[in-house]
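The residues making up each chain are set out below.
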Amino acid sequence: MKPANAWNPRWRLLACAAPAAVFFAAFWLLPVVRLLTLPASKGWSTYFAVLTDSRYLQSMANTVALSVAVTLATLVLGAAVGIYLARHTFAGKRMLLSLLTLPLSFPGVIIGFFVILLGGRQGLVADIGDSLFGERITFAYGLLGLFLAYLYFSLPRAIATYAAAAEAMNMQLEEAARSLSASRLRVARDVWMPELAPTTLACGAILFSTSMGAFGTAFTLASKFEVIPITIYNEFTNYANFALAASLSIALGLVTWLVLFAARRFGANPVTR
Amino acid sequence: MRKNTQPRAPFLLAVTVLVSIFMIAPMLLSVMAGLVNNYSAGLKSGLTLRWLGEVWENYGGTVGWSLALALACVVGTVLLGVPCAYALARSRSRAAHIFEELLTLPVAVPGLATALALILAYGQLTAFRQSFAFILVGHMVFTLPFMVRTVSSAFQRDDLLALEEAARSLGANFRQRFMGILVPAVFPAIVAGSLMVFTLSVGEFNLTWMLHTPLTRTLPVGLADSYASMRIEIGSAYTLVFFAVILPMLWGLQYLANLMQKRHGT
């Protein structure tokens, strides 16, 4: 008999969790506690820089507005595509679905580059505009470019989630509504929306939080429209202003965590999806 | 081949077509751009493998390092995550709940913040800071919750509790039960978790860009570097390398995982 066998099961569970706990404490908890305390060294007001300095406030407001807009647009488009794909069978549907969800494994920088290919100075739209109107239209580096890039990385998740949820939807309710001559819009509003509400909440929360923290895409597009991850990056690397970068990171982390937390309180579990 | 009972949905069809074009056109465009002589002249300038060759010369190393890092990340999260998943599945105490909650935080908090925290805490340890281990640690912190959650929900199955109990009554010690019964039973979940961890690690940029040094570059870091400083053809060719190396690998692993699920899954 090994002594381990005589152990209290509680100790055994503790021993099982210990390696992960030690690793997590050393490489996440401890560094994050340091990050949390760092702004204090420059005075307590550093914590509120995001609220008191108009430049940072503007950057935060930009990021939140952009993320909300992208989340809403993605939910509508993703739901439409997901429901359509779940309801109709056609040749090549599996192929199409796998192509549409492929970008889930792309790093954000690739998506930024895609937008440059579409709307950059040598981009597709610039070429088309040149031959049609004699004007090179570029949108990659502004608000529209960022919006499209964020949309591009959000859509695959929404499509996959809604396609799965729509498969599981109850067709009888919808047929009943139709037989009572409800219009398409009413069916969408009164049957689809309530049935898909939990999916929408969970998916929306995770789309919002990934948009808030999306660094690679914004970094590639090196935009004129400043978002908070880029502000943090600039403070840290260009100005070596560590305390401020830490304070802004805390603000960003708080916003995304709060949204995910609220979604979970309302019964959705976004992180495991 | 629409089923007759299906309602016609012209609006949904239009949205689906438009979204599909929006999603797929950039992929085709970038594959094309990596293979032509001159991007602004288009296909007329002829096809070439020259840019691919240049990318391989400059950035070939990043491919191997990315794959090695992802593999190490899988091994690390399995070693740390599987026992931890067991502990969390069997203990429903308050402390376990809080620990699970904490463990998931790195997913909710933006990668940039985690990276800054790591640099602030360990940036002074030069040897560590300048090695791939620094990036590996960041990737593992970020991917560990995915492994733990996937495997933990597999451990919670009722029939497993009964099996473990039966083995115990037959005198099997904990190590025998864990390696002989529990791990084989949750093996499909471990494979699924590994696949997720591998995919996340290979594409990770938000953390990696902050954690990398000129000597420790991964594929996504190299991509950002080439986009910023090189011709559009080089950037496209590099993207093509990503597609050609990573995607077949992910598909192959996915296929293996499905196969395993069918054979060993219950």
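Remember, it's a predicted structure, so these values are computed and weren't measured experimentally. All chains use their own residue numbering, which begins from 1 and follows the written sequence. All chains are assigned letters beginning with A, and all ligands numbers beginning with 1, in the order in which they are written. Per-residue local features of the predicted model are confined to residues with pLDDT of at least 70, and side-chain atom pairs are confined, for both listing and counting, to 80 or more; whole-chain, interface and lining totals are unaffected and use all residues. Heavy atoms throughout the structure, all of them, feed into the side-chain values; hydrogens and water do not.

Asks: Just checking my understanding: could you explain the overall build of chain A for this structure?
Replies: Here a strand is any run of E in DSSP of at least two residues, a helix any run of H or I of at least four, and the numbering for each starts at the N terminus. Within chain A, the regular secondary structure consists of twelve helices and zero strands. Each radius of gyration is computed over the set of C-alpha atoms, and the globule rule expresses the reference value as 2.2 Å times the number of residues to the power 0.38. Relative to the compact-globule value of 19 Å for 273 residues, chain A shows a C-alpha radius of gyration of 23 Å, a clear excess of over 25%. Its C-alpha atoms give chain A principal-axis dimensions of about 65 × 65 × 35 Å. Working definition: with a 1.4 Å probe on protein chains only, accessible area under 20% of the residue-type maximum means buried, over 50% means exposed, and in between means partly exposed. Within chain A, the fraction of its 273 residues that count as buried is 51%. Between two residues, a contact is recorded if the distance between any of their heavy atoms is within 4.5 Å. Here the analysis covers contacts within chain A between residues at least 6 apart in sequence; of these, 68% occur between residues at least 24 apart. Positive charges come from Lys and Arg alone, negative charges from Asp and Glu alone, with His and the N- and C-terminal ends not counted. Note on charges: their place is set at NZ of Lys, CZ of Arg, CG of Asp or CD of Glu. Of the side-chain charges in chain A, 20 are positive and 11 negative, and the distance between the mean point of each set is 14 Å.

Asks: What am I meant to see in the overall build of chain B here?
Replies: When helices and strands are tallied, chain B shows twelve helices and zero strands. Counting from the amino terminus, helix and strand elements in chain B follow one another as α-α-α-α-α-α-α-α-α-α-α-α. Its C-alpha radius of gyration of 23 Å places chain B more than 25% over the 18 Å reference for a compact globule of 266 residues. Contacts in chain B between residues at least 24 apart in sequence constitute 73% of all its contacts with a sequence separation of at least 6. Surface summary for chain B: the accessible area is close to 12,000 Å², and the carbon and sulfur share equals 66%. Taking the 18 positively charged and 11 negatively charged side chains of chain B as two groups, their mean positions are separated by 7 Å. Where accessible areas are quoted, they stem from the Shrake-Rupley method and a 1.4 Å probe; at the residue level, only the protein chains shown are allowed to cover.

Asks: I keep staring at the interface of chain A and chain B and nothing clicks. Help me out?
Replies: Put simply, an interface is often sized by how much accessible area is lost when its parts join up. With 78 residues of chain A at the interface, the matching set in chain B holds 82 residues. Summed over both partners, buried area is the accessible surface (1.4 Å probe) that two parts give up on being assembled. Taken over both partners, the interface formed by chain A and chain B buries close to 7,400 Å², and the fraction arising from carbon and sulfur atoms is 78%. A pair is scored as a salt bridge if a Lys or Arg side-chain nitrogen falls within 4 Å of a carboxyl oxygen belonging to Asp or Glu. Where chain A packs against chain B, one counts one salt bridge. Polar contacts, as used here, are pairs of N or O atoms within 3.5 Å; protein pairs need one atom able to donate a hydrogen and one able to accept it. Residues neighboring in sequence count only if both atoms are side-chain atoms. In this structure, the connection of chain A to chain B is made through nine residue pairs in polar contact (both at pLDDT 80 or more). Amino acids outside the nonpolar list (Ala, Val, Leu, Ile, Met, Phe, Trp, Tyr, Cys, Pro) and the charged list (Asp, Glu, Lys, Arg) are all regarded as polar, and Gly is one of them. Classifying every residue of the side of chain A that touches chain B gives 57 nonpolar, 14 polar and seven charged.

Asks: Explanation requested: the nonpolar core in the structure shown.
Replies: Within soluble globular proteins, side chains that are nonpolar tend to cluster in buried spots. Throughout, nonpolar core names a set of buried Ala, Val, Leu, Ile, Met, Phe, Trp, Tyr and Cys residues whose side chains join them through atoms within 4.5 Å. In terms of nonpolar packing, the biggest core is built from 170 residues, with F106 and Y150 of chain A together with F155 of chain B touching the most fellow members. Among the elements that line this core, the one with the most residues is helix α2 (residues 50–90) of chain B, at 17 residues. When residues no more than four places from it in sequence are discounted, the contact partners of Y150 of chain A are L66, V70, S211, A214, T217, A218 and V227 of chain A.

Asks: Would you mind showing me how to read the packing of aromatic side chains here?
Replies: Think of it this way: a Phe, Tyr or Trp ring, Trp meaning its six-membered ring, pairs with another when their centres are within 6.5 Å, and the plane angle makes it stacked under 30 degrees, edge-to-face over 60, tilted otherwise. A full pass over the atoms with the stated rule returns 33 aromatic pairs over all chains. Ring plane angle 20 degrees and centroid distance 5.5 Å describe the contact between F24 of chain A and W28 of chain A, whose orientation is recorded as stacked. Of this pair, F24 of chain A and W28 of chain A are both found in helix α1 (residues 9–37), four residues apart, which corresponds to roughly one turn of the helix. Of the two residues, F24 of chain A and W28 of chain A, both sit in the buried class. Ring centres of Y86 of chain B and F178 of chain B lie 5.6 Å apart, and the angle between their planes is 85 degrees; on these two criteria the pair is classed as edge-to-face. Taken together, the residues span a long stretch of sequence, with Y86 of chain B in helix α2 and F178 of chain B in helix α8 (residues 174–185) at a distance of 92 residues. For F178 of chain B, a relative accessible area of 10% gives the class buried. Taken together through their ring pairs, the aromatic side chains of F106, F114 and Y152 of chain A together with F22, F242 and F243 of chain B make up a single cluster.

Asks: Could you clarify how one ought to interpret the pattern of salt bridges in this entry?
Replies: Close approach of charged atoms allows side chains of opposite charge to pair. If you walk through the whole model with that rule in mind, you get eight salt bridges over all chains. Salt bridges linked by common partners bring R90, E164 and R177 of chain B together as one network.

Asks: Help me understand helix α4 (residues 93–101) of chain A, please; the structure alone is not making it clear to me.
Replies: When we look at burial in α4 of chain A, the residues that qualify are K93, L96, L100 and T101 of chain A. The arc enclosing the buried residues of α4 of chain A, seen along the axis, measures out at 125 degrees, which places them on a common side. With respect to the buried face of α4 of chain A, the exposed residues turned more than 90 degrees away are R94 and M95 of chain A. Those residues of α4 of chain A that are buried are in contact with α3 (54–87) and α7 (143–167) of chain A together with α1 (10–33) of chain B. Comment: arc refers to directions from the helix axis out to C-beta atoms.

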